[in-house]
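Coordinate analysis (summary)
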Amino acid sequence: MIAQTKAELMKLRSTRTTLGLVLGMLALITLFGLLAGLLTHAESLNTPENQRGVLGVGSLAGVFSALAGVLLVTGEYRFGTIRPTFLFTPRRSRVIGAKLIASLLAGLAFGIVGEGLGFAIGYVCLHARGIPLVLHGGSITLVLLGTVVGVALWGAIGVGIASIVRNQIGTIVGLLAWGFVVENLLFAFVPSVGRLTPGEAQNALSGLTTNHLLSAAAGGAVLVAWVVALALAGLALTARRDVG
Amino acid sequence: MSVVLSEGLTKRFGKLTAVENLSFGLEAGTITGFLGPNGAGKTTTLRMLLGLAAPTSGRALIFDQPYARLADAARRVGAVLEATDFHPGRTGRDHLRTLSRAVELPDSRVDEALRLVELTDAARRRVKGYSLGMRQRLGLASALLGDPELLVLDEPANGLDPEGVRWLRDFLRSFASEGRTVLISSHVLAEVAQTVDQVLIINHGRLVVETSLEHLTARVGGSVRVRSPQLPQLAEALRREQIETTTSNDHALLALGTTSERVGDVAFAAGVPVHELVAEGSSLEEVFLELTSETQP
């Protein structure tokens, strides 16, 4: 499994796609970090919740972490490399397992870099505008840790969904539609259900407390449950289906 | 023990039967051509042999095990199913490294495989700039990474220029001469006729014939071309064995309806030196077409 994980990390490193994702992530976090940090009214930035939002803007890295996870699977089906991959490692559960681990590791890197940047931008914006930090150390730690862990878990969610869907465009469109539309609608109109979605669970994990969100611990547990459920479904389907 | 054993292998996709009750075995050290027109079920069969597709019924064993349960599969079997299975943005060398890492082969083995297929110079270029022939060779390099005992190649000559085909033929010959086994598919018999020892011909998912290339030739009145400094003596010896001969216009003898083993044996018994002994394959393609049209439903 370690060898296969190294192979999967090699796959991530050896194309420019991953670099593109990192650059896209840095650009998007910079943009949103500056927008939120500079354009939000000073008085509303005095609340802990809004400061969490500004300092945790790196959670956007979750999108890119998930995309990296998706591409690690769908890219193999799209370009046919899944055939040599399975020829070299006929035990498919080992391949998917290694992809899950590799995507968690890559996601961790995305999270650390993305939230590192996001936090720095948010912190500098607050400082430059003379807005005092109202979050105490524990809350800040939760923002940082929760965001990084959440972003990492999104990588595995990407692998899980992609192992189920396999088609690249379908998976990406579905994932973005789910994350940016369905989750928001669910949370807005049926918050008791919407808070159980992975995106809102990640918000809870980062310490956000907007009404109806779960506690940080419960949010983390729900997010992990999503990872496990999608991974198991992906493993089961991958083992059963023929490779064309 | 058969290196590859197919027993009643069957694959159905809904109502369509792609492969039906296919049984054959391959012995070590042989090169087998797996032939049939496009759509005959060759690739589906290879996918089942290699564990990529599950048979509807029957079983496929490689070294007495289903491929998926073969320990160290990549070190015992090298296979290429599609010549285009690469990420275009990855270099040839990195493509091989994504595979070698998975089975803990060192980078030195990657470079060795690249050297074997004469792709060292292009190794650090992205695959999107490769010609089809280069992709074929990169695929072959991936199959050779584990220094396998069995090579399974699906249409390996596709996209190769005549020089490439000759190179592949020599390569496979030397590979098999070390006691290793080769299974290559093709939809053109002529493409592999000079490479393979025996043929499996399938059509509409069913085995049409499993035979040596020589028998295939003989079966439809093929001939053996033989050159010798003592042609008259050889012709006489063959006549005594009831083998008809004619003289070809390039001072060779054509022995009709026989095999090169037979002609060689006769020449040896008669003490006649032989300078050339070739089973003539000129009519092979016709044989092939005939065989694969006989089973039209």
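Look a little higher up for the structure.
These remarks concern the structure in this document.

**Thoughts on the overall build of chain A**
Along the backbone of chain A there are 11 helices and zero strands. In chain A, the order of α-helices and β-strands from amino to carboxyl end is α-α-α-α-α-α-α-α-α-α-α. Relative to a compact globule of 244 residues, whose C-alpha radius of gyration would be 18 Å, chain A shows 18 Å and is just as compact. Seen along its three principal axes, the alpha-carbon backbone of chain A occupies a region of about 60 × 35 × 30 Å. The proportion of buried residues among the 244 residues of chain A is 52%. Considering only intrachain contacts with a sequence separation of at least 6, the fraction spanning at least 24 residues in chain A is 80%.

**Comments concerning the sheet that holds strand E11 (residues 245-247) of chain B**
All names here are of chain B. Strands sit in the order E11-E12-E10-E13 across an open sheet of four strands; the sheet is antiparallel. Edge positions in the sheet fall to E11 and strand E13 (276-279), since each has one partner strand and no second. Each adjacent strand pair in this sheet contributes to an overall mean axis angle of 20°, direction not counted. Judged from the four bridges that link them, strand E10 (residues 223-227) and strand E12 (residues 253-256) form a sheet pairing that is antiparallel. If you follow Arg225 over to E12, its bridge partner there is Leu254. In the packing of helix H9 (residues 231-240) onto the sheet, the strands contacted are E10, E11 and E12, and the crossing angle to E12 comes to about 5°.

**Some words on helix H1 (residues 2-13) of chain A**
Over its 12 residues, H1 of chain A extends 16 Å from the first C-alpha to the last, a length consistent with the 16 Å expected when each residue adds 1.5 Å. Among the residues of H1 of chain A, Gln4, Thr5, Ala7, Glu8, Leu9, Lys11 and Leu12 of chain A are the ones counted as buried. Along its buried surface, H1 of chain A packs onto helix H2 (16-39), helix H4 (61-79) and helix H6 (92-128) of chain A together with helix H3 (92-102) of chain B.

**Regarding the interface of chain B and chain A**
Listed by partner, the interface residues are 28 residues for chain B and 24 residues for chain A. Those elements that provide at least two residues to the side of chain B that touches chain A are helix H2 (73-76) and H3 of chain B. Sorting elements by how many residues they give to the side of chain B that touches chain A places H3 of chain B first, with six residues. For the side of chain B that touches chain A, a count of residues per class yields 15 nonpolar, six polar and seven charged.

Procedures and definitions
- Residues numbered from 1 in each chain as written.
- Chains lettered and ligands numbered in written order.
- Predicted model: local features only at pLDDT ≥ 70, side-chain atom pairs only at ≥ 80, totals over all residues.
- Helix = DSSP H or I, 4+ residues; strand = E, 2+ residues; numbered from the N terminus.
- Rg over C-alpha atoms; globule rule 2.2 N^0.38 Å.
- Buried ≥ 20, exposed ≤ 12 C-beta atoms within 10 Å, placed from the backbone.
- Contact = placed C-beta atoms within 7 Å.
- Pairing = 2+ DSSP bridges.
- Axes fitted to C-alpha atoms, helices over the stretch in contact; angles between N-to-C directions.
- Expected span 1.5 Å × (residues − 1).
- Nonpolar A, V, L, I, M, F, W, Y, C, P; charged D, E, K, R; others polar.

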